[in-house]
Amino acid sequence: ASRRPRAVLRAAKKSTSAEPLTTNFEAAAASVVAKPQRLPLPAKTRKTVAFNQQYLCAGCGCLLPPEHEIDHIVPVALNGSDALSNLQALCKPCHQQKTRDQRHTILDAVKKEPPVVEEKEVKRVPPLKLNDQQRAAVEASTEPIRVVAGPGTGKTRVLTRRVAHLVESGARASSVLALTFTNRAANELRERLEEEINPQDASSISVGTFHRVCLTMLRDDVEALESPIKRGFAVYDQAAMIKLCGRCIAEKPPVGLGWDKSEIKPARVQSAISSLKNAGFDASSYADLTKEGYGDRIVSRVFDLYEKTLQQRNAVDFDDMLSLTARLLEHSPATRAKYAGRWKHVLVDEFQDTNGVQYDVLKLLASDSVFVVGDSDQAIYGWRGADYENQQRYDDDFGARLLKLERNYRSAQPILSAASAVVESTTRRRDALSLEGREGSLVPSIVELEDQDDEARWIADVCVRAEGDVAVLYRTNAQSRAVERELLKAGVSYQLLHAKGFFERKEIRDVLAYLRLLAYPKDDDAFERVANVPPRAVGPRSLERLRVQALEGGEGMLHAAANAKSPVPARAASNLKVFTDALDELRELQQATSTPIPAEEGHAGPLVGSMAWFLLEVLARTGYEHYLRHESVDGADRWRNVRELANLAAPYAAGELVEFLDTLALVQDQDMAADDTEEKTPPKVRLMTVHASKGLEFQTVIIAGCEEGLLPHYYATADKDGEELAQAVDEERRLLYVAMTRAKESLALTRARTRLTWGVSRQMEASRFLDEIPADLRRDVRVAAPPSSSRRRRWSSSRRRSDGMLAGF
Ligand SMILES: Nc1ncnc2c1ncn2[C@@H]1O[C@H](COP(=O)(O)OP(=O)(O)OP(=O)(O)O)[C@@H](O)[C@H]1O
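Residues numbered from 1 in each chain as written. Predicted model: local features only at pLDDT ≥ 70, side-chain atom pairs only at ≥ 80, totals over all residues. Heavy atoms only, no water.

Trainee: Let's hear about the side chain of S175: which residues, and what values?
Mentor: Here S175 is to be found in the loop between helix 6 (155-168) and strand 4 (176-180). For S175, a relative accessible area of 3% translates into the label buried. Sequence-distant contacts of S175, defined by excluding residues within four places in its chain, comprise R342, W343, K344 and H345. (Helix = DSSP H or I, 4+ residues; strand = E, 2+ residues; numbered from the N terminus. Buried < 20%, exposed > 50% of the residue type's maximum accessible area, 1.4 Å probe, protein only. Contact = heavy atoms within 4.5 Å.)

Trainee: I'd love a proper account of the sheet that holds strand 15 (residues 494-496), names of residues and values included.
Mentor: In spatial order, the strands read 15-16-14-17-18-13-21; together these seven strands make up an open sheet with parallel pairing. At either end of the open sheet lies a strand with only one pairing partner, and these are strand 15 and strand 21 (779-782). Mean inter-strand twist for the sheet, computed between neighbouring axes without regard to direction, equals 20 degrees. Sheet topology places strand 13 (residues 445-449) next to strand 18 (residues 743-752); five bridges connect them, and they run parallel. Residue pairing for strand 18: I446 is matched across the bridge by L749. (Pairing = 2+ DSSP bridges. Axes fitted to C-alpha atoms, helices over the stretch in contact; angles between N-to-C directions.)

Trainee: Explain the environment of A418 to me, using residue names and the numbers behind them.
Mentor: Here A418 shows up in helix 18 (residues 413-424). Residue A418 is classed as buried on the basis of its relative accessible area, which comes to 0%. Separated by 352 residues in the primary sequence, A418 and L770 place their C-alpha atoms 9.8 Å from one another. With residues up to four places along the chain from it excluded, the contact list for A418 reads P444, M740, I773 and L777.

Trainee: Outline the UniProt feature "binding site: ATP" (unreviewed entry) in the protein, supporting the account with residue identities and numerical values.
Mentor: According to UniProt, the positions carrying the feature "binding site: ATP" (unreviewed entry) are A149, G150, P151, G152, T153, G154, K155 and T156. Of note, P151 is situated in the loop between strand 3 (145-149) and helix 6. Not counting the four nearest positions on each side in its chain, P151 is found in contact with D375, Q378, N408, R410, L435, Y737, T741 and R742. By the element assignment, T153 lies in the loop between strand 3 and helix 6. Residues contacting T153, with those up to four places away along its chain left out, are Q134, L405, E406, R407, N408 and L435. Within the structure, T153 has its side chain in polar contact with the backbone oxygen of G150 (distance 2.5 Å). (UniProt positions renumbered as here; feature names shortened; annotations may be inferred. Polar contact = N/O pair within 3.5 Å; in protein donor to acceptor, adjacent residues only side chain to side chain.)

Trainee: So, the nonpolar core: which residues are in play, and what are the values?
Mentor: Within the largest apolar cluster, 80 residues are counted, with the highest numbers of intra-cluster contacts made by F503, L515, F527, L546, F614, L615 and L645. Aside from chain neighbours lying at most four places away, what touches F614 is L515, L518, L586, L589, Q590 and A654. In terms of nonpolar packing, the next biggest core, distinct from the first, is built from 40 residues, L696, I703, Y737 and I773 among them. (Core = buried A, V, L, I, M, F, W, Y, C linked by side-chain atoms within 4.5 Å.)

Trainee: Please provide a residue-by-residue account of the site of the ligand, values included.
Mentor: In the vicinity of the ligand there are 18 residues, among which Q134, G152, K155, R410 and R742 approach most closely. Between the ligand and the protein, one listed contact pairs an oxygen atom with a side-chain N or O atom of R410 at 2.8 Å. Starting from 640 Å² of accessible surface for the ligand in isolation, the protein chains cover 82%. The set of elements that each furnish at least two residues to the shell around the ligand consists of helix 6 and strand 11 (407-412). For the shell around the ligand, the element with the highest residue contribution is helix 6, accounting for three residues. (Near = heavy atom within 4 Å. Areas by Shrake-Rupley, 256 points an atom, 1.4 Å probe, with all protein chains shown as cover.)

Trainee: How would you summarise the sheet that holds strand 5 (residues 206-209) if you had to cite specific residues and measurements?
Mentor: Taken in spatial order, the six strands make up an open sheet running 5-4-8-9-3-10, and their pairing is parallel. Of all the strands in the sheet, the pair left with one neighbour each is strand 5 and strand 10 (401-405). Shown here is a sheet whose adjacent strand axes are inclined to one another by a mean of 15 degrees, direction ignored. In the sheet, strand 3 pairs with strand 10 via five bridges, with the strands oriented parallel. For V148, the partnering residue across the bridge sits in strand 10 and is K404.

Trainee: Describe the side chain of D525, listing the residues and the values that go with them.
Mentor: Mapped onto the fold, D525 is located in helix 23 (residues 524-530). Taking relative accessible area as the criterion, D525 reaches 10% and is therefore assigned buried. With residues up to four places along the chain from it excluded, the contact list for D525 reads K243, L244, R247 and R313.

Trainee: Give a description of unusual backbone geometry that names residues and reports values.
Mentor: Note that the residue after V533, namely P534, is joined by a cis bond; omega there is 5 degrees. Among the structural elements, P534 can be located in the loop between helix 23 and helix 24 (540-553). Here the residue pair S566 and P567 is connected by a cis peptide bond, since its omega of 10 degrees sits within 30 degrees of zero. Phi is positive for E350, close to 50 degrees, though the residue is something other than glycine. Take E350: it is sitting in the loop between strand 8 (345-348) and helix 16 (356-365). Its relative accessible area of 8% is what places E350 among the buried residues. For A537, which is not glycine, the phi torsion reads 60 degrees and is therefore positive. Mapped onto the elements, A537 comes out in the loop between helix 23 and helix 24.

In structure tokens form, the structure reads like this:
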């Protein structure tokens, strides 16, 4: 199971690449239906066919019911063809029989033939080489240690060797817990451990993000927690949290606190609630605080509704995963003893980015040895609640010994010196390091261009000619569009790393809503999302009435839909009954399918019983597949995305629906930049935010948009003054430091003189951070505006010949 999230991330990463993967899922769908029986259905749409003519059931040959029972007719695609002439129709009893047969086939096959577990060929490598500082950290005694590791100084190497060293020195592998900041880092650490120590030990070591490890503890021991949350709870990711805030904002405000819901941004309120939770507040303790501002009172009210709704739905959000675990460990001595007894050695990566609750969890878990690695110069998550002061707290609470890693193996010295000059201007700096980089003489280029289009063209030019891999880094995702356009024009292969982008697509959200509804029947947001997709004559008024009936019944909207009564219109009620019956059957099928059936030779597509197979079943039986492919705009493209999601689901069994949803809820943007080792032809260029680039390295790095308002970003500094403003600017400065230290050989920082913002071209000032790079560590390049748009092309090609401008690229 530990390998599965990795497969998910890899597949998700591929799914964001410019060239989508293709898998023969139509063939797969065909392989799971009963024996093909051709039925003479005319080539018309399903609705017209059904309403105008009558057919024989492909199973028993009965005359299919007339118009009003149309939903009993289940179209099933045969032989991978989209043509309606290849559809078969079944009457309801035959359809139910088919479902039962399938389930029995699955269960019988599983009983007879246990799945074949493939032996993995283990590639053993000699232990990694270490320098003196690294060795001192690896071999340090088990007293509490804090390692200050500059960029590129081999933090991952030290963590891997430290774990291996503990095991080689006699620690039981299962007594080691390594907490990482991203799923990507967890996977990398696990892979390296598999290469360094024996595979059995490697698989006994607990490696995961704080969120993953806390979620696992919570799922196992939620009963020990005094809380309304029960076993089998749902997990809300950020999109679900924002949606729920929107729903709470839409509720009628209390007397004396009127608000205009169109003026309150759910994402802003969600972020405020998240910060409060991370600061240790719950809705009632926050409500007790005196509020000065109107905004705070709105947040307080929404917070209260939000918490109550989560409890009603037996759901936890991203922040609860940590805070409930901290509470669990604090208030249940038995649970605490269980975990502290299991994990004698706790290691933490990227310690500078931990928040207060994570620190509490660490303190509660720590028993024999604690080893944390971090770098305060690379702290870039203060906006998300990370607490810089945790380092001081740790030193004080644990009496930690401080060790340093200062030999940078990644960047040429001029790049490292320029980056160090920027970070040295931080107002409250701690743990300063004297970093020593690799040999090199090429200083960073600071390139000034006319506007964002020229900037994008210049970047594409550099990408065309660069040797080795290139990363284009920016502060906000929106900046990628212009660069993407120019890269496409120039025919350069690129990968856009934006995990959430994939999961934010409408069709992906729809499919996940179907899955969530199957896993968590009380998830009303999921219900509302798909109740009328495909259209089931359930309009907003029917939904409103269902909401009322759900409130009366107290079991959620799905339950209300199964028993819908007047004033919900009869047609909507009967359609909803068919819909909820289909979901009941699917839930039964899912719960009965714990293991995929081993494939027969020549089998293509997802294994019967796998999560991918189940997902396609859900979409076929609820009519969503037909709706998406044939009745929606861009149906083919959207269906391709759904198949990508099925790819992600393939490593899971249908019975592991909750585990699959948990993994998706835990995917972060930073996870998407996985290593290239599995790519046949890795893309030359990667586009990502600076935050997502943390932990990566590239031959050439271009940092776009080095302007006031973008870096430092307006939102990071707006409405702040004094110490708070200084800290916000410091964090933006560290962000630039992280970006610059991703480069091995060449680095360029670009800025535009004017930039289109909200449709208006504005004059932009150079980022204040550029002034912090000394003259001898930079090469300034000023690119004149093109004479006119008609001569742009000629200008562009003559520009390409100007070697001064592109020196070093
Ligand atoms: N002792 C060593 N000898 C040679 N190369 C090394 C050594 N230690 C680390 N490296 C190399 O240095 C590079 C940076 O290492 P790594 O990615 O572990 O750094 P890091 O400290 O995690 O960096 P960052 O914090 O910036 O993400 C890698 O290419 C790694 O192989």
